[in-house]
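# Understanding the architecture of this molecule
Residue-level listing of the chains:
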Amino acid sequence: MTDTIRITTQNKERDFSMFLNLDEVFKIMEQLADMTLRRLLDNEIFELDPDLQEPTQITKRDLEARAQNEFFRAFFRLPRKEKLHEVVDCSLWTPFSRCHTVGRMFASDSYVCFASKEDGCCNVVLPLREVVSIEKMEDTSLLPNPIIISIRSKMAFQFIELKDRESLVENLLRRLKLVHANSPVHYDTLKNEAETSSLFQSTSVCSDQKFGNFKLSQNGNTVDKETSLLPNSEALIAIFHQSGTQSPDSRMSREQIKASLWNDHFVEYGRTVCMFRTEKIRKLVAMGIPESLRGKLWLLFSDAVTDLASHPGYYGNLVEKSMGKCCLVTEEIERDLHRSLPEHPAFQNETGIAALRRVLTAYAHRNPKIGYCQSMNILTSVLLLYAKEEEAFWLLVAVCERMLPDYFNHRVIVFVLGAQVDQSVFEELIRDRLPELAEHMKDLSTLASISLSWFLTLFLSIMPLESAVNVVDCFFYDGIKAIFQLGLAVLEANAVELCGSKDDGQALMILSRFLDHVKNEESPGPPIGNHHAFFSDDQEPYPVTDIADLIRDSYEKFGDQSVEMIEHMRCKHRIRVFQGHEDTTKQNVLRVVIPEVSILPEDLEELYDLFKREHMISCYWEQTSPAFQHHDPNRPYAEQYLIDAQQFTNLYKLVSPWTCGAHTEILAERTFRLLDENMDNLIAFKGFAVCLDIMYNGEMNEKIKLLYRLHLPPALTENDKDSQSPLKNPLLSTSRPLVFGKSNGDAIDYQKQLKQMLKDLAKEKDKTEKELPKMSQREFIQFCKTLYSMFHEDPEENDLYQAIATVTTLLLQIGEVGQRSSSSGSCSDEYMDDVQTEACASTSEQDSVFTDMGKMPQRYSQSLSMTEGDWTVSLEHILASLLTEQSLVNFFEKPLDIKSKLENAKINQYSLKTNELSHQSE
């Protein structure tokens, strides 16, 4: 993660130097790192504001605006697409307190929200879809700059002390008009005002609604045999309701008391999504919502009711489109259907199973980026119990896309990190709020692993259902903070036993047994066993904890954590958790690559860091690069980071030992094409490391074989920018004359040596290895160009040029003899003898010709004029010829130091990129 911070803040150092407050500088760097991290994890979902699209133009103001927008959406749990436009200090008339409450107005694309200055005193969410009018009132000393916002349920909200009121109202009216144009409101004139304004009028379009060619009657009975597409028109608990152990009078009296309290609250605070949300409503939620109102209030608190009302017929169309299609997601859904909530009678028959199938499949069809994830089935089962099927669908949308957006994702890394981040936050809260427990349990990761299911399933998988639904009540009202505070309350209740535990297994047993005995004495239904519990001991009596008491303790002792604090902690821990994941990824990649190469592990680790850093630089600076577009953390470890051709070229220039001056970039492009076996224009670290290992540590024959392959298709292409006509570019050209002085005796020895080497190579060749194709004249010319460029500035440069000239002439003659043999239609057994005889005969010719590099050898010139495709040499010919020159052998077998290259690369990697950007801007 250090690399990410360096990348994101590279061009910001001068801006930061003007700050005197180091805490402010660190906060901005943290924001930049978090922004980059989330883009790397899932850029498709995490869309940046337009002001943040160009990294070099990001300002402190842009970051502050983004942070405020993130807080706004998290605090009011609104859709990610909502963009905050205005934040205005003001006061809101609160009739229940008979005064104006000081706070702030937040205005976005589709919402006007209010939050009191005193946390929890009063919050309001006004969807513009519910707003009828926005009017300015007369400005007075008692009511300065007032406006009235009227909503459909005949309520009005008075805001005063608004600065720049004229501009604010103008903007609100413009967005109100746009919202109503895009989502017109249809009033039912057949119903009276009370019903129309009431939340509890059904907003579902399931009842008496057609789905394609299918129709459902009001009582839920189908009028078609194909019932699999017909959503249920009422909550499952109403169909499968069972009596509890309490007397009917006692059970109903408790439910009636709760319902009466809620009805009194609705009269004073409002009954729609626009109700005043105060500490009083939080206390009612903590007591447990009555079953008759639970589903409706979940819709209100999550604002799923707005989505439901804005999309008539949407769910029915999804059901019709998605059902019956078979894919990996539907197979996963089918596998989990019968183990979602098997203890409840609603899911012991096809009615509940079919409803669960429809909702999960429809959601996967709606949002393939998320698809289906584990624990969604358990949550959806509970939603179906208390809400109509279409309502349950929109509640699922609210949870997955707004309330827990990082928990549900088909990309495993995002899904895992989202939950792990909150576990890391939970660990910090344990250290801060339960220091004695943290002191005893040095490694809090044990508790985090136990509590993971608490967060993923909102306690539904480890607590009796009749108790866990009270937790879900709190979650829909307060969001994830309700789970954090309840988790702390559970740990505090078991702190003494946990401090006395001897190992992780005992700690797991303590917590599992406690949660299994959290009961809801006021539940009107019968107790339902929890099949998901880790541990249950029915033999020993265990004290029962009432869920209402546990929730009350969680609010009283740990309810002071604000949304802003939790979001800040998430930001901090997201970076740490991702860094831990990156360290694990690195170790797994190195574990795979180390056996394949001879590079030392510590050097390979440095090389991996360079490789990943090059990928991240591209992701941050070049949003259109293939590596950025195809980044997928769900790939196998060794393929998570991929680089494209330009990134590879940058790395090649930095770390390759085969530097060829101006020819280096051309050789890098050919190397990339050779490694890109699947031709997706991306390569992984393993291929890069293996190739570099051959350059540094390979034997001579391995290095020559690599060079040979770099000058054959697909590495060498017809459009290669250096692959010009060999007749226009003399191959043997240098700035100094090359003189050959070989005695006849040496020539005879050389002839025998070459012949013997070719025979030995033929014997030792691996028969199972696929034979490389022979090299054409054009390819051979390019091969020789590369060799000449590699020798430049070498201490033995003169000897190397002389040696390669000798070898080149010999190979030209080998190809010439092969061409004559091919044209005559016969292949002589004395082929090599003929070649070597001609090579020996040409020695004296070389002595005179190579003293003047303005001319080319006569035989060489003739070879260059031959028809392409007739002249060929093989890898064995080239290797055997090179082995005859000791200076060439020394060049390819000398030890190379990769450490110094890596050190220089670390220093120059960023400057190379900034220089490239400077040239582009110029």
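Residue numbers here run from 1 along each chain, matching the order of that chain's written sequence. Totals for whole chains, interfaces and linings use every residue, but because this is a predicted model, local features are given only for residues with pLDDT of at least 70 and side-chain atom pairs only at 80 or more, for both listing and counting. As a rule here, side-chain values cover all heavy atoms of the structure and leave hydrogens and water aside.

### Observations concerning the overall build of the protein chain
Applicable threshold: A run of DSSP states H or I qualifies as a helix once it reaches four residues; a run of E qualifies as a strand once it reaches two. Both are numbered from the N-terminal end. Throughout, exposure labels follow a simple rule: accessible area from a 1.4 Å probe, protein chains only, divided by the maximum for the residue type, with under 20% read as buried, over 50% as exposed, and the rest as partly exposed. Contacts are assigned to residue pairs with any non-hydrogen atoms lying within 4.5 Å of each other. Method for areas: the Shrake-Rupley scheme with a 1.4 Å probe, in which residue coverage is limited to the protein chains shown.
Summing up its helical and strand segments, the protein chain has 40 helices and 15 strands in all. Across the 922 residues in the protein chain, those meeting the buried criterion constitute 55%. In the protein chain, once contacts between residues fewer than 6 apart in sequence are set aside, the share between residues at least 24 apart is 73%. Approximately 41200 Å² of the protein chain is accessible, and the part contributed by carbon and sulfur atoms is 50%.

### Re the sheet that holds strand β3 (residues 111–116)
We count it as follows: Strands are labelled as partners when DSSP assigns at least two bridges between them. Interaxial angle, 0 to 180 degrees, is taken between N-to-C directions of lines fitted to C-alpha atoms, where a helix line uses only the stretch in contact.
If you walk across this open sheet you meet the seven strands as β4-β3-β2-β1-β7-β6-β5, and the pairing is antiparallel. The sheet terminates laterally at β4 (123–127) and β5 (131–136), the two strands that pair on one side only. For this sheet, the mean inter-axis angle between neighbouring strands, taken without regard to orientation, is 30 degrees. The sheet contact formed by β5 and strand β6 (residues 147–151) spans five bridges and is antiparallel. Each bridged residue has a counterpart across the sheet, and for Ser133 the counterpart in β6 is Ser150. In the packing of helix α5 (residues 165–182) onto the sheet, the strands contacted are β1 (84–94), β2 (99–108), β3, β5 and β6, and the crossing angle to β5 comes to about 160 degrees.

### Thoughts on the pairing of β6
Summarising burial for β6: five of the five residues are buried, a large majority. Because side chains alternate across β6, one face comprises the buried residues Ile147, Ile149 and Ile151, and the other comprises Ile148 and Ser150, equally buried. In this structure, β6 lies alongside strand β7 (residues 156–160), joined through four bridges in antiparallel fashion. Counterpart to Ile147 in the pairing with β7 is Phe159. Connecting β6 to the next strand, β7, in antiparallel fashion are four residues, including Lys154 with a positive phi near 70 degrees.

### Concerning helix α15 (residues 376–386)
Of all 11 residues making up α15, 11 are buried, and the element is well covered by its neighbours. Of the residues making up α15, those classed as buried are Met376, Asn377, Ile378, Leu379, Thr380, Ser381, Val382, Leu383, Leu384, Leu385 and Tyr386.

### With respect to a nonpolar patch on the surface
Let me state the cut-off plainly: Excluding any residue in a salt bridge, patches collect residues exceeding 30% relative accessible area, merging like charges within 9 Å and nonpolar Val, Leu, Ile, Met, Phe, Trp and Tyr side chains within 5 Å. We define a salt bridge as a side-chain nitrogen of Lys or Arg found within 4 Å of a carboxyl oxygen belonging to Asp or Glu.
A contiguous nonpolar surface patch, about 250 Å² in accessible area, is contributed by Ile257, Leu261 and Met287. Within the secondary structure, Leu261 is located in helix α8 (residues 248–269).

### A word on the packing of aromatic side chains
Note the following rule: Here the aromatic set is Phe, Tyr and Trp, taking the six-membered ring for Trp, and pairing holds for ring centres within 6.5 Å; pairs whose planes are under 30 degrees apart are stacked, those over 60 apart are edge-to-face, and all others are tilted. Two limits define a charge over a ring: the Lys NZ or Arg CZ must be within 6 Å of the ring centre, and within 35 degrees of the ring normal.
On inspection of all chains with the given rule, the structure shows 35 aromatic pairs. The interplanar angle of 20 degrees and the centroid separation of 5.9 Å between the aromatic rings of Phe72 and Phe106 together place this pair among those described as stacked. Note that Phe72 is positioned in helix α4 (residues 60–76) and Phe106 in strand β2, a separation of 34 residues in sequence. For the pair shown, Phe72 and Phe106 are each scored as buried. Note on Phe96 and Phe276: the rings are 5.4 Å apart at their centroids and 70 degrees apart in plane angle, and the pair reads as edge-to-face. Note that Phe96 is positioned in the loop between β1 and β2 and Phe276 in the loop between α8 and α9 (279–287), a separation of 180 residues in sequence. A network of ring pairs unites the aromatic residues Tyr608, Phe611, Phe648, Tyr652, Phe672, Phe685 and Phe688 as a single cluster. Over the face of the ring belonging to Tyr386 we find Arg294, whose NZ or CZ atom lies 5.0 Å from the ring centre.

### Section: the environment of Pro773
Within the element layout of this structure, Pro773 appears in the loop between α32 (744–764) and β14 (775–776). Separated by 61 residues in the primary sequence, Pro773 and Leu712 place their C-alpha atoms 8.2 Å from one another.

### Some points on the pattern of salt bridges
Under the counting rule described, the total for this entry stands at 37 salt bridges. For Arg431, the salt bridge is made with Glu427, and the minimal N-O distance between the two is 3.6 Å. Of the two residues, Arg431 and Glu427 both sit in helix α17 (residues 412–433), four residues apart, roughly one turn of that helix. For Arg431, a relative accessible area of 44% translates into the label partly exposed.

### So, the packing of helix α14 (residues 350–366) against α15
Note the threshold: For classification purposes, an angle smaller than 35 degrees is called roughly parallel, one larger than 145 roughly antiparallel, one from 65 to 115 roughly perpendicular, and anything else oblique. Working rule for handedness: look at the near helix, and if it is turned counterclockwise from the far one by less than a right angle, call the crossing left-handed; if clockwise, right-handed. Charged residues are taken to be Asp, Glu, Lys and Arg, nonpolar residues to be Ala, Val, Leu, Ile, Met, Phe, Trp, Tyr, Cys and Pro, and polar residues to be all remaining types, Gly included.
Closest axis-to-axis distance for the α14/α15 pair is 10 Å, and the angle between their directions is 120 degrees. It follows from the interaxial angle that α14 and α15 lie oblique. As α14 runs across α15, the sense of the crossing is right-handed. Side by side, α14 and α15 meet where Ala355, Leu356, Val359, Leu360 and Tyr363 of the first sit next to Met376, Asn377, Thr380, Ser381 and Leu384 of the second. Of the residues contributing to the contact of α14 with α15, the split by class is seven nonpolar, three polar and no charged.

### With respect to the environment of Gly288
Looking at the secondary structure, you find Gly288 in the loop between α9 and α10 (291–302). Between the C-alpha atoms of Gly288 and Val472, which are 184 residues apart in sequence, the distance is 9.6 Å. Once residues within four sequence positions are removed from consideration, Gly288 is found in contact with Lys258, Arg294, Asn470 and Asp473.

### Quick notes on the nonpolar core
Quick reminder of the rule: Definition of nonpolar core: a set of buried residues of the types Ala, Val, Leu, Ile, Met, Phe, Trp, Tyr and Cys, connected through side-chain atoms within 4.5 Å.
If you look at the biggest cluster of nonpolar residues, it comprises 222 residues, and the most contacted ones within it are Phe159, Phe301, Trp454 and Phe685. Excluding residues that lie within four positions of it along the chain, Phe159 makes contacts with Cys90, Ser91, Leu92, Met105, Phe114, Leu126, Asn145, Pro146, Ile147 and Ile149. Leu78, Leu84, Phe106 and Cys113 belong to the second largest nonpolar core, which has 11 residues in total.

### Focus: unusual backbone geometry
Following Pro713, the chain continues to Pro714 via a peptide bond in cis, the omega torsion being 10 degrees. In this structure, Pro714 sits in the loop between α31 (700–709) and α32. Its identity as a non-glycine residue notwithstanding, Asp303 has a phi of 60 degrees, on the positive side. Relative to the assigned elements, Asp303 resides in the loop between α10 and α11 (304–310).

### Here we look at the environment of Arg552
Selection criterion: Here a polar contact means two N or O atoms within 3.5 Å. Within protein one must be a hydrogen donor candidate and the other an acceptor candidate, and residues neighboring in sequence count only if both atoms are side-chain atoms.
You can see Arg552 is positioned in helix α24 (residues 547–558). Residues Arg552 and Ala286, 266 residues apart in the sequence, show an inter-C-alpha distance of 6.4 Å. A polar atom in the side chain of Arg552 sits 3.0 Å from the side chain of Asp549.

### Observations regarding the confidence of the model for the protein chain
Put simply, the rule reads: On a range of 0 to 100, pLDDT expresses the predictor's confidence in each residue.
This prediction gives the protein chain a mean pLDDT of 79; 73% of its residues lie at or above 70. The low-confidence segment residues 826–869 (pLDDT under 50) makes 80 contacts with residues lying over four places distant or belonging to another chain.

### Here we look at the side chain of Asp644
As for its position among the elements, Asp644 is in the loop between β12 (642–643) and α28 (645–655). Judged by relative accessible area, Asp644 falls into the buried class, the value being 7%. In terms of polar contacts, Asp644 uses its side chain to reach the backbone amide nitrogen of Gln646, at 3.3 Å.

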